Amino acid sequence: MAGYLAELGPEDEVIFPAYTFVSTVLAFASRGIKPVLVDVQPDTFNIDTRLIEEKITNRTRAIVTINYNGVSCDYTEIRRICDSYGLFLVEDNAHGLGGVSHAGALGTFGDISVTSFHETKNVSCGEGGAITLNDPALSERAEILRDKGTNRSKFFRGEVDKYNWVDWGSSWVISDLLAEVLAHQLDKLDTILRRRREIWQEYYQSLGDWGHEQGVMLPPSPALQPNTAHVFFLVLPRPDLQEEFIKHMRLGGVHSVVHYQSIAESPMGKRLGLSGGQFPNAERGHSHLVRIPIFNSMTKSEVNRVIEQAQEFRVR
Ligand SMILES: *Cc1c(COP(=O)(O)O)cnc(C)c1O
């Protein structure tokens, strides 16, 4: 929907972080735009703001950011760039619902911000998402786009006698059944975040010394970079240790996973003419980073088991 609302087309270029989930890029690439990638920061894995301007051409129309783990990007600087080049800002806040930065709530910085309620997210109804808009004119069009390009909502409000096909769009309305599940989840947002942050703190405190000894990097301190405890990641010092760590955790009954192949390295990225090898931090994320389990119904003993198993891992 953001791709339609930003009125982007085949001649246009859009800037993305090289390290993100497919959905971020697919929403725009499927409308024919050319993705232009920017590497991420080595600690937060958010877009490296200092590298954005060198990628801007006279075809650039928008910047899409993600708040990895609900840590805010530098929106003061990103907004300055958008204003000085006349670019649209789309904020993918799939990790950041309920998150904050010194500048305000995540999901309020973009001209368009989006979040996801996929089963893997902090707040979930299985599949779904939401878009938040700062401009009322966009919200009028969004209402039509989400309902197969019809003005059916206007009809239900008695603003028109019958409804018609008036615009592009698709069927993006969440089902009533899922909306009911989601409403309850949203009511529990504070509780969910509180519990996730408790577990996150446990990991952060208990694994700090071990990480230091073994050369394993932990996420940035939440005192400096507040997060939503969506993921707890460890960055191993060498790529061969990624698989070794996962195997070691599995022996203790702990499931840990990797994520985000750099968009440029993916088969589809290659089909789109992107080339890898230029985004060292994104590529390091894919080859060195491991996520350990975090979910709000974890018990204290489950959390301890994860910690103890990780602490037994030795870098050789
Ligand atoms: C999960 C996720 C999405 C959205 O996923 P959908 O399955 O399309 O809802 C988008 N961006 C990021 C960074 C994500 O992690």
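Further up the page is the structure itself.
Figured I'd write up the structure that's included with this text. From a predicted model like this one, the values you see are computed outputs, not experimental measurements.

## A look at the side chain of Thr228
Next up, step 1: With respect to the helices, strands and loops of the structure, Thr228 is situated in the loop between α7 (189-214) and β9 (232-235).
Next up, step 2: Residue classification places Thr228 among the buried residues on the basis of a relative accessible area of 0%.
Next up, step 3: Not counting chain neighbours up to four residues away, the residues in contact with Thr228 comprise Asn69, Gly70, His95, Gly96, Leu97, Gly98, Gly99, Asn122, Leu193, Arg196 and Arg197.

## Thoughts on the site of the ligand
Next up, step 1: With respect to spatial proximity, the complete set of residues near the ligand consists of Thr20, Phe21, Ser23, Thr24, Ile66, Asp92, Ala94, His95, Ser116, His118, Lys121 and Tyr260.
Next up, step 2: One nitrogen or oxygen atom from the side chain of His95 is found 2.9 Å from an oxygen atom belonging to the ligand.
Next up, step 3: Within the side chain of Ser116, one N or O atom sits 2.7 Å away from an oxygen atom of the ligand.

## What about the side chain of Asn122?
Next up, step 1: Counting through the fold element by element, Asn122 comes out in the loop between β7 (112-116) and β8 (129-133).
Next up, step 2: Given the relative accessible area of 10%, Asn122 is considered buried.
Next up, step 3: Here His230 takes part through its side chain, which lies 2.8 Å from a polar atom of the side chain of Asn122.
Next up, step 4: Residues within four places of Asn122 in sequence aside, it is in contact with Gln185, Ile192, Leu193, Arg196, Thr228, Ala229 and His230.

## Some points on the sheet that holds strand β2 (residues 34-38)
Next up, step 1: Strand order in the open sheet formed by 6 strands is β2-β1-β3-β4-β7-β8, with mixed pairing between adjacent strands. Edge positions in the sheet fall to β2 and β8, since each has one partner strand and no second. The sheet shows a mean angle of 20 degrees between the axes of neighbouring strands, direction not considered.
Next up, step 2: As defined by bridge partners, strand β4 (residues 88-92) adjoins β7 across 3 bridges and the pair is classed as parallel. Bridge pairing in β7 links Val90 to Ile112.

## Considering the packing of aromatic side chains
The geometry of an aromatic ring pair is captured by the separation of the ring centres together with the interplanar angle, meaning the angle of the planes.
Next up, step 1: What the rule picks out here adds up to 18 aromatic pairs.
Next up, step 2: Note on Phe245 and Phe313: the rings are 5.1 Å apart at their centroids and 85 degrees apart in plane angle, and the pair reads as edge-to-face. With Phe245 in helix α8 (residues 240-251) and Phe313 in the segment after α11 (300-311), this residue pair connects regions lying 68 residues apart in the sequence.
Next up, step 3: Through a chain of ring-to-ring contacts, the aromatic side chains of Tyr19, Phe21, Phe45, Tyr68, Phe233 and Tyr260 assemble into a single cluster.

## Re helix α4 (residues 136-145)
Next up, step 1: Within α4, the full set of buried residues consists of Leu138, Ala142, Glu143, Ile144 and Leu145.
Next up, step 2: For α4, the N-terminal cap is Asp135; the gap from its side-chain oxygen to the backbone nitrogen of Ala137 is 2.9 Å.

## Structural notes on unusual backbone geometry
With glycine set apart, most residues show a phi of negative sign, and most peptide bonds adopt trans.
Next up, step 1: Even without a glycine there, the phi angle at Asn69 is positive, about 60 degrees.
Next up, step 2: As for its position among the elements, Asn69 is in the loop between β3 (60-66) and α3 (75-85).
Next up, step 3: At Ala229, a residue that is not glycine, the phi angle is positive and equals roughly 50 degrees.
Next up, step 4: Mapped onto the secondary structure, Ala229 falls in the loop between α7 and β9.

## Here's the deal with the nonpolar core
Next up, step 1: Within the largest apolar cluster, 35 residues are counted, with the highest numbers of intra-cluster contacts made by Phe16, Tyr19, Phe28, Leu37, Phe45 and Tyr68.
Next up, step 2: Contributing elements (two or more residues each) for this core: α1 (2-5), β1 (13-17), α2 (22-29), β3, α4 and β9.
Next up, step 3: If near-sequence neighbours (up to four positions away) are discounted, Phe28 is found in contact with Ala2, Gly3, Leu8, Phe16, Ile33, Val64 and Val90.
Next up, step 4: Membership of the second largest hydrophobic core comes to 25 residues, among which are Trp210, Met298, Ala310 and Phe313.

The rules behind the values
- Residues numbered from 1 in each chain as written.
- Predicted model: local features only at pLDDT ≥ 70, side-chain atom pairs only at ≥ 80, totals over all residues.
- Heavy atoms only, no water.
- Helix = DSSP H or I, 4+ residues; strand = E, 2+ residues; numbered from the N terminus.
- Buried < 20%, exposed > 50% of the residue type's maximum accessible area, 1.4 Å probe, protein only.
- Contact = heavy atoms within 4.5 Å.
- Near = heavy atom within 4 Å.
- Polar contact = N/O pair within 3.5 Å; in protein donor to acceptor, adjacent residues only side chain to side chain.
- Pairing = 2+ DSSP bridges.
- Axes fitted to C-alpha atoms, helices over the stretch in contact; angles between N-to-C directions.
- Phe/Tyr/Trp six-rings, centres within 6.5 Å; stacked < 30°, edge-to-face > 60°.
- Core = buried A, V, L, I, M, F, W, Y, C linked by side-chain atoms within 4.5 Å.

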